[in-house]
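Fold and geometry: a report
Here are the chains, one letter per residue:
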Amino acid sequence: MVPSPPALELRGLTKRYDGGLLALDGFDLTIPDGAFFGLLGPNGAGKTTLISAVCNLIRVTAGELRVFGLPHDSLEARRMVGLAEQDVNLDRFLDVRETLVYHGGYYGMSRRRAHARAEEMMEVFDLRGKAGVRAPQLSGGMRRRLLLARALMHEPRLVILDEPTAGVDIELRTELWTYIRRLHEQGTTILLTTHYLEEAEALCEEIALIRGGQLLARDSADGLRQAYAADTLQDVYLRAMEVT
Amino acid sequence: MSELVARHRGLLALTARETHRVLKLWTQTILAPVISSLLFIVVFGLSLGGRIKQIEGVPYDQFIVPGLIAMAMAQAAYSNNASSTFQARFDRYIHDVLSAPMRTWEINLGLSLGGAVRALAIGLALGAVAVPITGVPVREPLALAAAVLALLLAFCALGVVVGIYAESFDHHMAVNNVAILPLAFLGGVFYSVDLLPSPWQEISHLNPIFYLVQAVRYGFLGTADVSYWLALGVTLACGAACAAWSAWLFATGKRLKP
């Protein structure tokens, strides 16, 4: 049997912004199909730049990016990626249902299929009561739910969650964990960035530590603890980032 | 047909979204410009028309209608696309489109068509009211259709380009207030450029909107200050330049992607 290509493969990924900032410097990373992968690092480490590169939101300076073996900028590759960004970026003119249905359209879903899937997503994320409410009128938690529902709307094989639980209450965080776990069990590859170390430890099979645009280490939480001779993931993180 | 639709569902969805925005805000996007243009027709055409009998054999109230419609449509196409594109960048919901499996020309076209829908709605509404009020004829409908297409090409693309470059709402408003509106007024909307003394007559021929007004006027009245083909050619050339600029921005990602 031919092994399936990795969900994500980055080779020599380099991004230098117009102002001169080198955000990623020859970055290599492979995430297997079906993995639950965490990306940890301080602000400015390059996590969001990496995600933006995969999702075609920045111009890459150098390197190769492949999604399930396909060039990341091909239409087929884009169709397989779902992104929930760290910052809320919802269309202010659309209500919840419209946000989901138009997103489905952008990703090639028929109108009928998009409506049916939007109903499913609203049910899963408890958004049905807000179906006709425009994004600016939603609470912070509801906006976060809608961002996730939108990212999953087109049933992507690789879901990228950039700080999905930042600023949400414990109840919603637990709900989201449950849903993301279920999604992973169904075979979806998850790439998660988070500042909550306990979240990374509870959810991720493998964790990469990144700083200054470079990969410092990658392993399971246990493997990282052993490698850094640390008792907790927090100690690992602090040692890796040399802030102790 | 269904295969074609399936291949371009992203484009159709984005066009639907842009049209949805225009229709959702119809009092601002359609009604307001229709009313302000009608006021021009009533105030300048019907009141001043009593004093200025004819220009080049055409009653004054009929003479100004084509230019006013062209001006309203051009401003609508431009401002719609500039504000929609800028808003999408400013709120970053354009990321949802840029990361989607859509070709760059589909994103460009989808963002452009909202302005075309808005401009056509305004043009049709103004025509529906102005034709019975003033009795302005449509002598060359095919020439008018070609002129309107050239207008839409130029100002829809210009709106998207400015929406991509703008750093604030003031920027795209400034292009409208400082460039488009004055050039439209000086482009012979209210007068025949042939009546101007030298050098103003020659200077007016450097104004690209002058040619747009003449092309649309020829479509309505069958007469214009310059040859229809020259007027259409200049308008199409401006449109092609704006469309090429817009296509280059989307193809390279410049200004859209850091």
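Summarised in this report is the structure supplied together with it. (Residues numbered from 1 in each chain as written. Chains lettered and ligands numbered in written order. Predicted model: local features only at pLDDT ≥ 70, side-chain atom pairs only at ≥ 80, totals over all residues.)

Here we take up the pairing of strand β7 (residues 158–162) of chain A. Residues and elements named next belong to chain A. For β7, the tally of buried residues reaches five of five residues, placing the bulk of the element in the interior. Going residue by residue along β7, you find Leu158, Ile160 and Asp162 tucked away on one face and Val159 and Leu161 tucked away on the opposite face as well. Both strand β6 (residues 81–84) and β7 contribute to a ladder of four bridges, which runs parallel. Residue pairing in the sheet places alanine 84 in a bridge with leucine 161 of β7. With five bridges joining them, β7 and strand β8 (residues 189–193) adopt parallel strand pairing. Within β8, the residue paired with leucine 158 across the bridge is threonine 189. (Buried ≥ 20, exposed ≤ 12 C-beta atoms within 10 Å, placed from the backbone. Helix = DSSP H or I, 4+ residues; strand = E, 2+ residues; numbered from the N terminus. Pairing = 2+ DSSP bridges.)

Below, the discussion takes up the interface of chain A and chain B. The interface of chain A with chain B comprises 25 residues on the first partner and 23 residues on the second. Secondary-structure elements contributing two or more residues to the side of chain A that touches chain B are α2 (75–79) and α3 (96–106) of chain A. Here the element with the most residues in the side of chain A that touches chain B is α3(A); it accounts for four residues. The residue inventory of the side of chain A that touches chain B, partitioned by class, reads twelve nonpolar, five polar and eight charged. (Contact = placed C-beta atoms within 7 Å. Nonpolar A, V, L, I, M, F, W, Y, C, P; charged D, E, K, R; others polar.)

What follows concerns the nonpolar core. Grouped together as the largest cluster of nonpolar side chains are 162 residues, with contacts concentrated most on B:Ala74 and B:Leu151. Apart from the residues within four sequence positions on either side, B:Ala74 is in contact with B:Leu151, B:Phe155, B:Ile180, B:Ala184 and B:Leu212. (Core = buried A, V, L, I, M, F, W, Y, C linked by C-beta atoms within 7 Å.)

Bringing helix α2 (residues 9–24) of chain B into the picture now. Taking 1.5 Å per residue, 16 residues should reach 22 Å; α2(B) reaches 22 Å between its end C-alpha atoms and fits that length. Those residues of α2(B) that fall on the buried side of the exposure criterion are B:Arg9, B:Gly10, B:Leu11, B:Ala13, B:Leu14, B:Thr15, B:Arg17, B:Glu18, B:Arg21 and B:Val22. Tucked inside the fold, the buried residues of α2(B) contact α3 of chain A together with α1 (2–7), α3 (26–47), α4 (60–90), α5 (94–98) and α6 (104–134) of chain B. (Expected span 1.5 Å × (residues − 1).)

One open sheet holds the four strands; their spatial order is β2-β1-β4-β5 (chain A), and the pairing between them is antiparallel. Of all strands in the sheet, those bounded by a partner on one side alone are β2 (22–31) and β5 (70–71) of chain A.

For the bond running from B:Ser198 to B:Pro199, omega is 5°, close enough to zero to count as cis. Mapped onto the secondary structure, B:Pro199 falls in the loop between α8 (169–185) and α9 (200–204). One non-glycine residue, A:Glu163, lies in the positive phi region at around 50°. Mapped onto the secondary structure, A:Glu163 falls in the loop between β7 and α6 (170–185). Despite not being glycine, B:Arg255 has its phi angle at roughly 70°, a positive value. Within the fold, B:Arg255 resides in the segment after α11 (228–252).

This next bit is on the sheet that holds strand β10 (residues 214–219) of chain A. Residue and element names in this part refer to chain A. The mixed open sheet is built from six strands, whose spatial order is β6-β7-β8-β3-β9-β10. Only two strands of the sheet have a single partner each, and these edge strands are β6 and β10. For this sheet the average axis-to-axis angle between neighbouring strands, irrespective of direction, equals 15°. Most of the contacts of helix α5 (residues 140–152) go to β6, to which it runs at about 170°, and overall it touches β6 and β7. (Axes fitted to C-alpha atoms, helices over the stretch in contact; angles between N-to-C directions.)

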